[in-house]
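# Examination of the molecular architecture
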Amino acid sequence: MSYRKSYSQPNDHFSREIDIEVCLKTLKIYQKLEGDVNCVVWDASLVLAKYLETMSQNKSDFLSGMKVIELGSGLGVVGLTAATLGAQVTLTDLPEALPLLRKNINENKYKISSMGGYAIAEALIWGETSPLFDEKYDMVLLADCVYYEEAVDPLINTLKCLVNNSQDQPIVYLTQELRQTEAQKTMWTSFYDKLSDYFFIKQIPEEEQHVNYKSPDILLLKLSKK
Ligand SMILES: C[S@@+](CC[C@H](N)C(=O)[O-])C[C@H]1O[C@@H](n2cnc3c(N)ncnc32)[C@H](O)[C@@H]1O
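Okay, so let's go over this structure. (Residues numbered from 1 in each chain as written. Predicted model: local features only at pLDDT ≥ 70, side-chain atom pairs only at ≥ 80, totals over all residues. Heavy atoms only, no water.)

### Examining the packing of aromatic side chains
We apply this condition: By convention, a stacked pair of Phe, Tyr or Trp rings (six-membered ring in the case of Trp) has centres within 6.5 Å and planes under 30 degrees apart, an edge-to-face pair has planes over 60 apart, and any other such pair is tilted. For a Lys NZ or an Arg CZ to count as sitting over a ring, it must be within 6 Å of the ring centre and within 35 degrees of the ring normal.
Counting across every chain of the model gives six aromatic pairs. Ring centres of Tyr-198 and Phe-199 lie 5.4 Å apart, and the angle between their planes is 75 degrees; on these two criteria the pair is classed as edge-to-face. Through a chain of ring-to-ring contacts, the aromatic side chains of Tyr-51, Phe-62 and Tyr-173 assemble into a single cluster. Sitting over the face of the ring of Tyr-30, Lys-103 holds its NZ or CZ atom 4.3 Å from the ring centroid. Lys-160 extends its terminal NZ or CZ atom over the ring of Tyr-198, reaching a point 5.0 Å from the ring centre.

Structure follows, in structure tokens:
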């Protein structure tokens, strides 16, 4: 997977440019040279962002006007792509991730508004209650959020809250890189089993994904409440 990288920033930030071909816009995403998992762009987010783009190419109003929430946004590639494709997006993450996430929203805000979209960032800690649950969403997005055991149950609870509180149940799109350590495999199986108690799960085949942004070790799932 390739995207342009530039080291022109004066501090520990550097930026990447990610093209959204369907609307001829280019997102500028700041990353940090060093930091936690929320300081880099993960491949699973590119697969999901490019899937949204592919879907919008096939159906031009796929995201326009949709109310979307993203969990564990990190640097915001997925949520910012959805917003540039016309959605009203709330990007969420841990409080400490918000400054860089908001910088990325601010950097791209004119591209987003020119497409009729909107993006804000709010804290949402999985497993905790939030005023964000009072809103109704059409779509929930999350990329590469299953990577430590303690988060499995809280993340599922947050997904349940979002789906239960919306009258028209939102569709959830989730990508996950499948890592090969025994601990990661066990954790993914446990997450998937718990998820399937509550959601119908459809795996989106690679041939329906973006022609260049797909990978056998990144799952793309579509969930709807049972
Ligand atoms: C592997 S990163 C993925 C980031 C982004 N979705 C991507 O794919 O580039 C996981 C994200 O989940 C966030 N996260 C981890 N634990 C969380 C929690 N308990 N509540 C909310 N967000 C959490 C991290 O801060 C990080 O941004």
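### Structural notes on the environment of Gly-74
Put simply, the rule reads: Secondary structure counts use DSSP, requiring at least four H or I residues in a row for a helix and at least two E residues in a row for a strand, with both numbered from the N terminus. Here's how the labels work: a residue is buried when its accessible area is under 20% of the maximum for its type, exposed when over 50%, partly exposed in between, all with a 1.4 Å probe on protein chains only.
Relative to the helices and strands, Gly-74 resides in the loop between strand S4 (67–71) and helix H2 (77–84). Accessibility expressed as a relative area gives 9% for Gly-74, which makes it buried. Each C-alpha atom, one on Gly-74 and one on Leu-98, is 8.4 Å from the other, the two residues being 24 residues apart in sequence.

### Remarks on the environment of Tyr-30
Counted only if it meets this: N or O atoms within 3.5 Å of each other form a polar contact, as long as, within protein, one can give a hydrogen and the other can take it, and as long as residues adjacent in sequence are counted only when both atoms are side-chain atoms.
Relative to the elements of secondary structure, Tyr-30 occurs in strand S3 (residues 25–32). In this structure the side chain of Tyr-30 is engaged in a polar contact, spanning 3.4 Å, whose partner is the side chain of Glu-107.

### Examining the sheet that holds strand S6 (residues 118–123)
Cut-off, in case you're wondering: Two strands are said to pair when DSSP picks up at least two bridges between them. Whenever a helix is involved, its axis is fitted only over the stretch in contact; in every case the axis is a line through C-alpha atoms, and angles between N-to-C directions fall within 0 to 180 degrees. We call two residues in contact when some of their heavy atoms are within 4.5 Å.
Taken in spatial order, the seven strands line up as S6-S5-S4-S7-S8-S10-S9 in an open sheet, and their pairing is mixed. Of all strands in the sheet, those bounded by a partner on one side alone are S6 and strand S9 (199–203). This sheet shows a mean twist of 20 degrees between the axes of neighbouring strands, independent of strand direction. Bridge count between strand S7 (residues 139–143) and strand S8 (residues 171–177): five bridges; the pairing is parallel. Residue pairing in the sheet places Leu-141 in a bridge with Tyr-173 of S8. Those strands touched by helix H1 (residues 43–58) are S7, S8 and strand S10 (218–225), and its axis lies near 145 degrees from that of S8.

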